[in-house]
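Each chain, letter by letter, is given below.
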Amino acid sequence: MLEWFYQFLLTFVSTIRDVLPIAIVLFGFQFLVIRKAIPNFRKIIIGFFYVLIGLTFFLQGLESALFPMGRLMAEQLTNPAFIFEGLSTVPENFHWSHYHWVLLFAFLIGFSTTIAEPSLIAVAIKASQVSGGAIGIWGLRIAVAIGVAVGITLGAWRIITGYPLHYFIGAGYVIVIIQTLFAPKFVIALAYDSGGVTTSTVTVPLVTALGLGLAETVPGRNVLLDGFGLIAFASLFPIMSVLAYAQLSEYKARHKT
Amino acid sequence: MLVALKPLLTAMTGSIRDLLPIILVIAFFQIVVLSQPIPANELIKIIGGIFLVIMGLTFFISGLEMGLFPIGESMAHAFAKKGSVFWLLVFAFCLGFGTTVAEPALIAVAKEAATIAAQGKIIEATDAARDSYAFGLRMTVALSVGFAIVIGVLRIIKGWPLHYIIIGGYIIVTLMNFVAPDFIIGIAYDSGGVTTSTITVPLVTALGVGLATSIKGRNPMTDGFGLIAFASLLPIIFVMIYGMVI
């Protein structure tokens, strides 16, 4: 119990340290440059306090319950002993389909962690307000989550098969550019933003564990070179899926009338 | 008493729904695929942890609507009314730089990158060389995010179309793939992803939307978003340059 409380305090202090530079910039400019009273100042301070408490609880809970299990799971699933039933190393002539459970795990963990990602919830709330409901909170979140799921699955497949990272990223950019030409204009900025919001608190630790687990055990992969890059997939594919979501909704609306 | 609890309960139900997919995925793999039952003492700890996560998400979301969104928007309105583009851009830079430089995920990536660079004999394998490399990388990324927010805010003010700039950026990144050293490419892409933390995103989004709402002729939907996109793209370019220069 005492150790738990100590951990909790540590998380709280590190959250404060994260918020501090932001608070200094915000209030510094508010008092020195804008020099006007902030409307509802008390409420905003309480809001900041809630954010602080909320993030502390959130991180502490993830760290004590879900992360250790998820990390262990990623290790066990990528372990040759599990994939090749008792072999201690990966045989020379393996096929990527041996890794079907790993790929399913990549897909599902990508989807589910994105649904719980707080910064995506924030952007979805704003997008729904600004678009007057044309973009639904859940529609956007599910579109982004599907993008992350597909991206991480493909990224894991890339580590297993060993194709170079930049081929995929290059091809991805080309697809995004083509989609941009045809997608409804109002969604483009939001879609580009979705790439950046997916990879923060919940997704990164679990996905990194998966990438490292794969890069360590698949023969011929370099942990330091191949362990990176999954995050890049998780940032690129949501752009495509959100553009596709808007294209689909527009297509449906056009064919209804 | 019950009336006061109702919004809290509604918010908590929402958080439970947000979290349910992860719980199901982990339970499925643990029980069905790995066929390992969860020990009883572990189970209590896990349930406690899940309860904390749910409470945390609930607090965070209400804090968002009470604190982060309103201050982002009110500052955007205040700057637009003041009419000083200079101070707005200084603010944009400080916000980008300040929120990134201390970001724990970035510190972790920078450290990892220094290890790789030392193994690849790009830098000497001493602690001092590694520390200075990691510090340089952190500063590079923080500067790039500062500039990214500045460019993004300028775009909102001027009404430049976002997609030409972003596509131009992609083309630069793709071309740089060929000239940047191999070891930096993965790190560069990942540093684009780690710059946007849970507190930065709502704040920057509220700032963008607030600016686009208060400036005449701008549409909050087409012009207000896009700041995060710059903050994820520019670090990739800057880090690749860093890898080429050092």
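Above this text is the structure in question.
First, a word on what this report is: a plain description of the structure on this page. None of the values given here were measured: they were computed from a predicted structure.

**A closer look at the interface of chain A and chain B**
At the junction of the two partners, chain A supplies 91 residues and chain B supplies 90 residues. With both chains or domains summed, chain A and chain B bury close to 8,200 Å², and 81% of this area falls on carbon and sulfur atoms. If you sort the residues of chain A by the area they bury against chain B, Lys-126, Tyr-173 and Phe-228 of chain A come out on top, with a joint share of 9%. Inspection of the chain A/chain B interface yields two salt bridges. Of the charged contacts, one joins Lys-126 of chain A and Glu-73 of chain B as a salt bridge, the two residues approaching to 2.3 Å between their closest N and O atoms. At the surface where chain A touches chain B, the tally comes to seven residue pairs in polar contact (both at pLDDT 80 or more). Considering every element that reaches the side of chain A that touches chain B, the biggest residue donor is helix α2 (residues 41–78) of chain A, with 23 residues. Along the lines of polarity and charge, the residues of the side of chain A that touches chain B split into 63 nonpolar, 21 polar and seven charged.

**Digging into a positive patch on the surface**
On the surface, a cluster of positive charge is contributed by Arg-35 and Lys-36 of chain A together with Lys-81 and Lys-82 of chain B. Along the chain, the position of Lys-82 of chain B falls in helix α2 (residues 40–82). Classification of Lys-82 of chain B by relative accessible area gives partly exposed; the value is 43%.

**Here's the deal with the side chain of Arg-158 of chain A**
All names here are of chain A. Residue placement: Arg-158 occurs in helix α6 (residues 137–161). For Arg-158, a relative accessible area of 4% puts it in the buried group. At 3.0 Å, the side chain of Arg-158 and the backbone oxygen of Tyr-163 are in polar contact. Contact partners of Arg-158, with chain neighbours within four places excluded, come to Tyr-163, Pro-164, Leu-165, Phe-168, Asp-226, Phe-228 and Phe-233.

**Overview of a nonpolar patch on the surface**
All names here are of chain B. There is a patch of nonpolar side chains on the surface, built from Ile-171, Leu-175, Phe-178, Val-179, Ile-241, Met-244, Val-245 and Ile-246 and spanning about 820 Å² of accessible area. Of all the secondary-structure elements, those providing two or more residues to the nonpolar patch are α6 (162–179) and α10 (227–245). Of all the elements, α6 adds the most residues to the nonpolar patch, at four residues. Relative to the helices and strands, Ile-241 resides in helix α10. Exposure remark for Ile-241: the relative accessible area of 39% places this residue in the partly exposed category.

The rules behind the values
- Residues numbered from 1 in each chain as written.
- Chains lettered and ligands numbered in written order.
- Predicted model: local features only at pLDDT ≥ 70, side-chain atom pairs only at ≥ 80, totals over all residues.
- Heavy atoms only, no water.
- Contact = heavy atoms within 4.5 Å.
- Buried area = accessible area lost by both parts, 1.4 Å probe.
- Salt bridge = Lys/Arg side-chain N within 4 Å of Asp/Glu carboxyl O.
- Polar contact = N/O pair within 3.5 Å; in protein donor to acceptor, adjacent residues only side chain to side chain.
- Helix = DSSP H or I, 4+ residues; strand = E, 2+ residues; numbered from the N terminus.
- Nonpolar A, V, L, I, M, F, W, Y, C, P; charged D, E, K, R; others polar.
- Patch = residues over 30% accessible without salt bridge, like charges linked within 9 Å, V, L, I, M, F, W, Y side chains within 5 Å.
- Areas by Shrake-Rupley, 256 points an atom, 1.4 Å probe, with all protein chains shown as cover.
- Lys, Arg positive; Asp, Glu negative; His and termini not counted.
- Charge placed at Lys NZ, Arg CZ, Asp CG, Glu CD.
- Buried < 20%, exposed > 50% of the residue type's maximum accessible area, 1.4 Å probe, protein only.

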